[in-house]
Amino acid sequence: MGGKHASRHLKSVNLTLFVVVSSRRFRKPRTKCTSARTTVMLALSMSLCTQTHMFSPHQGFRVLRRRPPMATPPHASTDSSEKKPLPETKKPEKLTPEATAFLAALDTAAVTKNRLVVAQTAPAVRVALSEEFGEPPGAFSGGQLVAALRALGVDKVVDTNTAADLCVCEEGTELLQRLLEAEEDSEEGEEVTESSEKAVLPMFTSCCPGWIQLVEKSMPDVWPYISSCKSPHMMLGALLKRVTKDVWGGHEPEQIYLASVMPCVRKKAESEKPQYVTSGVRDVDEVITTRDLGALLRLKGIDPANLPPEQFDNPLGKGTGAGQLFGVTGGVMEAAVRTMYAVVTEGETLPKLELTEVRGLDGVKTVDISLKSKKTGKGLDRVLRLAVVNGLNNAKELIKKMRDGTVELDFVEVMACPGGCIGGGGGGGGQPRSKNQKETLRLRANAVYKLDKNASIRQSHENPAVSNIYDTWLGPGFGSKTAKEVLHEERPRKNESGETFEPAFPVENKSGKIKEQECATCGLRYDVREEE
């Protein structure tokens, strides 16, 4: 069959290039670069009406095989009007028990009077939820997250970032008091140990349940060094069920169902601890993860990308950039130092607001910060020695060095998960997972830093919602009596045998004269070292 004749019947052309080893055709002299003799042949396959042909530059077209006409299967219908859609092959997502319980609570609230469903959202959730819908980290705004929860049927949506701001104010005040007590006792020659009623240094953060679980099981003598602050979402739970009676229609605590949307499944076990029960009612009723929320939204056909942003509900309002930093390793430390510096310098802003030294995904990061203003001379004449750790193995190694005295610190932030809460796992995996997890963590961290940088308020103590909470419910001043009752908890000072813990770390004594000073921002009275 000639080429001209074949072209009239040509239906489709597929061009394939074959490299065929040959020892006879197209011989070339051997060189150092050529170890084989090759023949390059161009094959052109053509499908005609009922035949398949092969073209060879030496043989022309030749028939390879005949293809019989396709018969209609006996069960198939030729009537297009009788065609049915293909069955759904994708199996429905299996919900976790926590997500199922949350969905049931929404259904119950829809038919029950005086039942209020409230959801709070953690900082790390809003930068990772978009990944559940195939979008990059941080693609959804916090307002779209609020709108999605309301679309699910939630009555009120509150911002855990505001609770993080409360935690900063309380934890920063607690650390400051520990520093001042240590200075005072050094002046008097008294040694501060775990056996005393006074707090001891160094102080560790308390918001990561994985870290707290490590202390409970493996190093209980570190308990006295842990901050007495509850984690932000547990702070909000205790606070919310006390204040909602005043602002949301007079609901009793037992009529409020509070669900925390968290990046870590360990938050579930944390919420079930007996100390988090007020008047017989749990402070937090349920914990669902970022992945749980993604599954629920898909189940209901809700895509946050298609929703206009909505505002968080008052009285808790919206958190600050500092509160948003809680979602990433180093963020708790960075936020706390911003407020501590402002308190001791009577309202000055930290010269370098962004502590890049504690940012990044390294396992251990350290930095020293002076608490005295070079501009005005106000503040505490002390350099604060800080460390940030993510990953429990890194925490164990650092604590080992602290125990033998090779490393001396004042304040240590510990997060169990790589990258902090943005990498939340806790067994089942609270955050979405990706093939390149390290790069994903970097993108999530950058999304957190961007939210902080673009925030209108970047320091926790400047949040008007925080000021309103103290003025209305907690009493004036950070660390007030009511604040300690609602936002703090007791830490063990004795082991199971009733014996006082031995000091876990060497005690450092200093001497020098101090004088009393009062902060114009919050009214806290503290001592500062006199100029020599």
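Quick summary incoming for the structure in this document.

Basis of the calculations
The numbering scheme is per chain: residues are counted from 1 as the chain's sequence reads. In view of the model being predicted, local features appear only for residues whose pLDDT reaches at least 70, and side-chain atom pairs are presented and counted only at 80 or more, with totals across whole chains, interfaces and linings using the full set of residues. Side-chain measures here rest on the full set of heavy atoms in the structure, leaving out hydrogens and waters. Any carboxyl oxygen of Asp or Glu within 4 Å of a side-chain nitrogen of Lys or Arg constitutes a salt bridge here. Strands are runs of DSSP state E lasting at least 2 residues, helices are runs of H or I lasting at least 4, and numbering of each runs from the N terminus. Here's how the labels work: a residue is buried when its accessible area is under 20% of the maximum for its type, exposed when over 50%, partly exposed in between, all with a 1.4 Å probe on protein chains only. Criterion used throughout: strands pair if DSSP finds at least two bridges between them. For cavity detection a 1 Å grid was placed over the protein atoms alone, and a set of points counts as a cavity when a 1.4 Å probe fits there but cannot get out; an open set counts as a pocket when protein lies on both sides within 12 Å along at least five of seven lines, with lining residues being those that have an atom within 4 Å of a point. Grid points are joined across faces, edges and corners, and a volume is the space filled by probe spheres set on the points. Throughout this entry, Asp, Glu, Lys and Arg are counted as charged residues, while Ala, Val, Leu, Ile, Met, Phe, Trp, Tyr, Cys and Pro are counted as nonpolar. The remaining residues, Gly among them, count as polar. Whether two residues are in contact is decided by their heavy atoms: any pair within 4.5 Å suffices.

1. Examining the pattern of salt bridges
Under the counting rule described, the total for this entry stands at 26 salt bridges. As a salt-bridge pair, Glu 131 and Arg 444 come within 2.8 Å of each other at their nearest N and O atoms. Of this pair, Glu 131 sits in the loop between β5 (116–121) and α3 (142–152) while Arg 444 sits in helix α12 (residues 437–454); the two residues are 313 residues apart in sequence, bridging distant segments of the chain. Arg 444 shares its class with Glu 131; the two are buried. With a closest N to O distance of 3.6 Å, Glu 489 and Arg 491 form a salt bridge. Glu 489 gets classed as buried once you look at its relative accessible area, which sits at 14%. A residue is classified by how much of its surface remains accessible, and Arg 491, at 14% relative accessible area, is buried. In this structure, a network of salt bridges that share partners links the residues Glu 334, Arg 338, Glu 354, Arg 359, Asp 452 and Arg 458.

2. Side note on the pairing of β5
Where burial is concerned, most of β5 is hidden: six out of the six residues are buried. Of the two faces of β5, the one holding Leu 116, Val 118 and Gln 120 and the one holding Val 117, Ala 119 and Thr 121 are both buried throughout. Note that β5 and strand β8 (residues 256–262) share six bridges and pair parallel. Across the sheet, Thr 121 pairs through a bridge with Val 261, a residue of β8.

3. Notes on empty space enclosed by the protein
A complete count under the given rule lists four cavities of 30 Å³ or more for this structure. Considering only enclosed or pocket space, the largest cavity measures out at about 170 Å³ in volume. Considering the residues around the largest cavity, the lining is formed by 17 residues, among which Ala 122, Pro 123, Pro 232, Lys 267 and Cys 421 are closest to the centre. Sorting the residues of the lining of the largest cavity by element identifies α4 (160–188) and α6 (232–247) as the ones contributing at least two each. The volume enclosed by the second largest cavity comes to roughly 110 Å³. In terms of lining, the second largest cavity is formed by 13 residues, of which the most central are Cys 208, Pro 209, Cys 264, Cys 417 and Cys 421. Contributing elements (two or more residues each) for the lining of the second largest cavity: α5 (209–218) and α7 (266–271). A breakdown of the residues in the lining of the second largest cavity according to their chemical character gives eight nonpolar, three polar and two charged.

4. Let's talk about α3
Burial analysis of α3 places eight of its 11 residues in the buried class, the great majority of the element. Every buried residue of α3 is accounted for by Gly 143, Gln 144, Leu 145, Val 146, Ala 147, Ala 148, Leu 149 and Leu 152. Against the buried residues of α3 lie α2 (97–111), β5, β6 (156–159), β8 and α8 (290–299). At the exit of α3 stands Gly 153, carrying a positive phi of roughly 120 degrees.

Keep in mind these numbers describe shape, not what the thing actually does.
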